[in-house]
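Chains, contacts and geometry: an overview
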Amino acid sequence: MAQNIISYTTNGFFKANATALTTLTSAQFQTDLSDGKEITVIIDTAASNESDIVLCCMPAGNGFGEIKVPLIPQTLNVINLTTMGIKKNDGIAEFKLTNSEGSSVSPVSVKVCFIKHVTVINH
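Rules of the game
- Residues numbered from 1 in each chain as written.
- Predicted model: local features only at pLDDT ≥ 70, side-chain atom pairs only at ≥ 80, totals over all residues.
- Heavy atoms only, no water.
- Phe/Tyr/Trp six-rings, centres within 6.5 Å; stacked < 30°, edge-to-face > 60°.
- Helix = DSSP H or I, 4+ residues; strand = E, 2+ residues; numbered from the N terminus.
- Buried < 20%, exposed > 50% of the residue type's maximum accessible area, 1.4 Å probe, protein only.
- Salt bridge = Lys/Arg side-chain N within 4 Å of Asp/Glu carboxyl O.
- Pairing = 2+ DSSP bridges.
- Axes fitted to C-alpha atoms, helices over the stretch in contact; angles between N-to-C directions.

1. Some remarks on the packing of aromatic side chains
Scanning the model with the defined rule gives 3 aromatic pairs in all. Seen from their ring centres, Phe29 and Phe95 are 5.9 Å apart, and the 15° between their planes marks the pair as stacked. Of this pair, Phe29 sits in strand β4 (residues 28–32) while Phe95 sits in strand β9 (residues 92–98), placing them 66 residues apart in sequence. Note on Phe29 and Phe114: the rings are 6.3 Å apart at their centroids and 45° apart in plane angle, and the pair reads as tilted. Taken together, the positions of Phe29 in strand β4 and Phe114 in strand β10 (residues 111–117) put the pair 85 residues apart, joining distant regions of the chain. Summarising the burial analysis for this pair, Phe29 and Phe114 share the class buried.

This is the structure we're talking about:
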């Protein structure tokens, strides 16, 4: 079963101390992106022993394919994505960590955070 990660919502700028990185216990994880159209994914691989890590954004099943984002090992990776094609009708998006061949990698010492960007319209 996929680990559930809390996502943070912002309507503009956000403070780093207002978000928290969650340590992964599984190579498969999910989050609720129901409000957001754009997201920032922060993945800390600094303490990981893996040298080849890919973030796979699983398709929502509406004709889109899997999105693969190679991560730089032993660093803090910041990735901007759109939720189109990865957010299901219920708002949940699923992810997994693999290597470049598609095999699961150990999530030990990998931390992740999801920040949903919600556009504010001022009238």
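This is not the end of the story, as more comes after the structure.
2. Looking at the pattern of salt bridges
All chains considered together, the criterion is met by 2 salt bridges. For Lys68, the salt bridge goes to Glu66, with nearest N and O atoms at 3.7 Å. Owing to a relative accessible area of 35%, Glu66 belongs among the partly exposed residues under this scheme.

3. Things to note about the sheet that holds strand β1 (residues 3–5)
Ordered in space as β1-β4-β9-β6-β7, the 5 strands form an open sheet in which the pairing is mixed. Looking along the sheet, the strands with just one partner apiece sit at the ends: β1 and β7 (67–71). Across the sheet, the axes of successive neighbouring strands diverge by a mean angle of 25°, strand direction being ignored. Here strand β6 (residues 53–57) runs beside β9; their pairing, made up of 4 bridges, is antiparallel. Within β9, the residue paired with Cys57 across the bridge is Phe95.

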